[in-house]
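Commentary on secondary and tertiary structure
Listed below, chain by chain, are the residues.
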Amino acid sequence: MNVKYFAWLRAKVGKGAEEVSPPEDVRTVGELMTWLAHDRPGLAEAIARPGVIRAAVNQDYADPDHPVKPGDEVAFFPPVTGG
Amino acid sequence: MNVKYFAWLRAKVGKGAEEVSPPEDVRTVGELMTWLAHDRPGLAEAIARPGVIRAAVNQDYADPDHPVKPGDEVAFFPPVTGG
Amino acid sequence: MIRVQEKPFDVGAELAALSEGRTDIGAVASFTGLVRDIADERSVGALTLEHYPGMTEKKLAEIEEEAKRRWPLKATLIIHRYGRMEPGEPIVLVAAASKHRAAALDACAFLIDWLKTKAPFWKLEEGDGEASWVDARSSDDEAAARWVPPARG
Amino acid sequence: MIRVQEKPFDVGAELAALSEGRTDIGAVASFTGLVRDIADERSVGALTLEHYPGMTEKKLAEIEEEAKRRWPLKATLIIHRYGRMEPGEPIVLVAAASKHRAAALDACAFLIDWLKTKAPFWKLEEGDGEASWVDARSSDDEAAARWVPPARG
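Residues numbered from 1 in each chain as written. Chains lettered and ligands numbered in written order. Predicted model: local features only at pLDDT ≥ 70, side-chain atom pairs only at ≥ 80, totals over all residues. Heavy atoms only, no water.

Here we come to the interface of chain B and chain C. Taken together, the 20 residues of chain B in the interface contact 27 residues of chain C. Between chain B and chain C, a total of about 1800 Å² is buried, with carbon and sulfur atoms accounting for 57% of that surface. Of all residues in chain B, B:Gln59, B:Thr81 and B:Gly83 give up the largest surface area on contact with chain C, accounting jointly for 36% of the area buried on that side. The residue C:Glu50 makes a salt bridge to B:Arg10 at a minimum N-O spacing of 2.3 Å. Linking chain B with chain C are 15 residue pairs in polar contact (both at pLDDT 80 or more), by the criterion used here. Of the residues belonging to the side of chain B that touches chain C, the class tally is 11 nonpolar, five polar and four charged. (Contact = heavy atoms within 4.5 Å. Buried area = accessible area lost by both parts, 1.4 Å probe. Salt bridge = Lys/Arg side-chain N within 4 Å of Asp/Glu carboxyl O. Polar contact = N/O pair within 3.5 Å; in protein donor to acceptor, adjacent residues only side chain to side chain. Nonpolar A, V, L, I, M, F, W, Y, C, P; charged D, E, K, R; others polar.)

Of note, D:Pro120 is situated in the loop between helix 3 (101-118) and strand 9 (121-127). The buried category is assigned to D:Pro120, whose relative accessible area is 0%. Counting along the chain gives 70 residues from D:Pro120 to D:Glu50, while the straight-line C-alpha distance between them is 8.4 Å. Setting aside chain neighbours within four positions, we find D:Pro120 in contact with A:Tyr61, A:Val80, D:Glu50, D:His51, D:Tyr52, D:Met55, D:Thr56 and D:Lys59. (Helix = DSSP H or I, 4+ residues; strand = E, 2+ residues; numbered from the N terminus. Buried < 20%, exposed > 50% of the residue type's maximum accessible area, 1.4 Å probe, protein only.)

All right, on to the pairing of strand 10 (residues 130-133) of chain D then. All names here are of chain D. Sheet topology note: the strand 9/strand 10 ladder contains four bridges and is antiparallel. Looking across to strand 10, one finds that Gly 127 is bridged to Glu 130. Connecting strand 9 to the antiparallel partner strand 10 that follows it, the hairpin turn spans two residues, and Asp 128 within it adopts a positive phi of roughly 50 degrees. (Pairing = 2+ DSSP bridges.)

With that settled, the discussion passes to the relation of the copies chain C and chain D. Each copy superposes on the other: chain C lies on chain D with an RMSD of 0.0 Å after a rotation of 180 degrees and an axial shift of 0.0 Å. Here the copies are linked by what is in effect a two-fold axis. Taking the C-alpha atom as reference, chain C places C:Gly12 closest to the rotation axis, 1.5 Å from it. Most of the interface of chain C is mirrored in chain D, where 100% of its interface residues again form contacts. (Least-squares fit on C-alpha atoms with pLDDT ≥ 70 in both.)

What follows concerns the sheet that holds strand 4 (residues 60-61) of chain B. All names here are of chain B. Pairing is mixed across the open sheet formed by five strands, whose spatial order is 2-1-5-3-4. At either end of the open sheet lies a strand with only one pairing partner, and these are strand 2 (17-19) and strand 4. Of the strand pairs in this sheet, strand 3 (residues 54-57) and strand 5 (residues 73-77) are connected by four bridges, and their pairing is antiparallel. From the neighbouring strand, Ala 56 faces strand 5, where its bridge partner is Ala 75.

What follows concerns the packing of helix 2 (residues 55-70) of chain C against helix 3 (residues 101-118) of chain C. Residue and element names in this part refer to chain C. One can describe the packing of helix 2 onto helix 3 by two numbers: an axis separation of 10 Å at closest approach and a directional angle of 150 degrees. Classified by chirality, the crossing of helix 3 by helix 2 is right-handed. Every residue of helix 3 that contacts helix 2 at Lys 59, Leu 60, Ile 63, Glu 64, Glu 66, Ala 67 and Arg 70 is listed here: Phe 110, Leu 111, Trp 114, Leu 115 and Lys 118. Looking at side-chain class alone, the contact of helix 2 with helix 3 contains seven nonpolar, no polar and five charged residues. (Axes fitted to C-alpha atoms, helices over the stretch in contact; angles between N-to-C directions. Left-handed = near helix turned anticlockwise from the far one by under 90°.)

The next thing to look at is the interface of chain C and chain D. Taken residue by residue, the interface counts 36 residues in chain C and 36 residues in chain D. Interface area for chain C against chain D, summed over the two sides, is near 2700 Å², with a carbon-plus-sulfur share of 53%. Looking at the side of chain C facing chain D, the largest losses of area belong to C:Thr23, C:Arg36 and C:Arg101, adding up to 26% of the total buried there. Between the two partners, chain C and chain D, sit four salt bridges. Salt-bridge contacts for D:Asp140 lead to C:Arg101; the nearest nitrogen and oxygen are separated by 2.9 Å. Inspection of the chain C/chain D interface yields 11 residue pairs in polar contact (both at pLDDT 80 or more).

Residue and element names in this part refer to chain D. In this structure, Glu 64 sits in helix 2 (residues 55-70). Nearest to the buried, unbridged Glu 64 among oppositely charged side chains is Lys 68, at 4.4 Å. With residues up to four places along the chain from it excluded, the contact list for Glu 64 reads Met 1, Ile 2, Thr 76, Leu 77, Ile 78 and Leu 111. (Lys, Arg positive; Asp, Glu negative; His and termini not counted.)

Attention now moves to the pairing of strand 6 (residues 73-81) of chain D. Residues and elements named next belong to chain D. Summarising burial for strand 6: eight of the nine residues are buried, a large majority. Inspection of the sheet shows strand 1 (residues 2-5) paired to strand 6 by four bridges, in the parallel sense. Residue pairing across strands places Arg 3 opposite Ile 79, the latter belonging to strand 6. Pairing of strand 6 with strand 8 (residues 90-98) involves seven bridges; the strand directions are antiparallel. Note that in strand 8 the partner of Thr 76 across the bridge is Ala 96.

Okay, the confidence of the model for chain C next. When pLDDT is averaged across chain C, the result is 94; 97% of the residues are at 70 or more. Among the scores for the predicted complex, ipTM is 0.93 and pTM is 0.94. (pLDDT = per-residue confidence, 0-100.)

Here you go:
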């Protein structure tokens, strides 16, 4: 699974992308985020404040209960501020 | 008094502007229009349909009861269609 | 700034000039009206705009002032042509510049909506061998009426 | 048409290209967003836009498609930059062309309102010796929410 981080979350995690292989019981965006946060303190700190981090699966916005599977591209980021 | 006509009203009256000297009892835009229409059949025809002709006095829109006096610039025209 | 002129204008150059050298403008909204080759299902070969010299400039200046009164604008622009023009040519350009987009977008819509019903211009369409004066649209009155109370901004 | 690019763009040339050689367009509405030197009372020396390559283009294309579904548009344009830019430089340009002005004006406002909340871009402001990520605005969510039901036009 390819995970991406953007904006200040990228800075907090210390990288913009990584390949991860979560255990089989990680089936949703929310579960993936919690699993990733175990050994990524920057991510743990960010998700401690609810509603701050948004996600996308395969380049579409996704809620925490959206399914994830091997091979997916999953991105985490703060609310967008373009335009 | 300087009277101007625009768009199809100019074509109907046959001129774009004229100097006129109405009698003293012509005191409003509406009275001026009626007085002018006596010997201007194109104008008479246009004002027969109510609400078709608009007026301006000294380059501001004016209702039929707006006063007119010697030296004024009075214009008659159909609704505007610019932009 | 307002300008009433016979010759064509360059939309890009006019918009560029509006924010040229300025760093306090965050948003520019513009509207350009162009001559179409079909209007109300009639073929249009050319359009001639008649105006009321003096009153036209006065009304455009008033519309611009009203926009500046309603929204916090950094710059405004109204350019309107008169005379003969062919399909594809620009007739009118309005633009509003502000710090934020809501004011720029609303003011731009206001400028063109009010111009349509308040600026003394009249369109004569040439097509199919004859010329005819364009009728006013009730939809233009309705669009202008949207702005009678002060708007969001 | 959508474009995501690092280099600056020429607003005038882009708008000219939109209606170039066409005689079926009566109305072009555009919005340009520019870097300001002051934001939320902080001095801004430069802005860096981060984006999500791939998803950004996908979302902009969806926003454009949604505008075309809602209004009878002849042409649309979204150009958004990424990377570092200085005060006065353009960040984004959206434009909508139609036969009549209501569709062009509404679609233009829709494009920028939806882009603000749906396109994955993030702003980093440099100023007073430090860089800080810009917070999302609730006013942007409200502006986007205006468009949830189909609009006039």
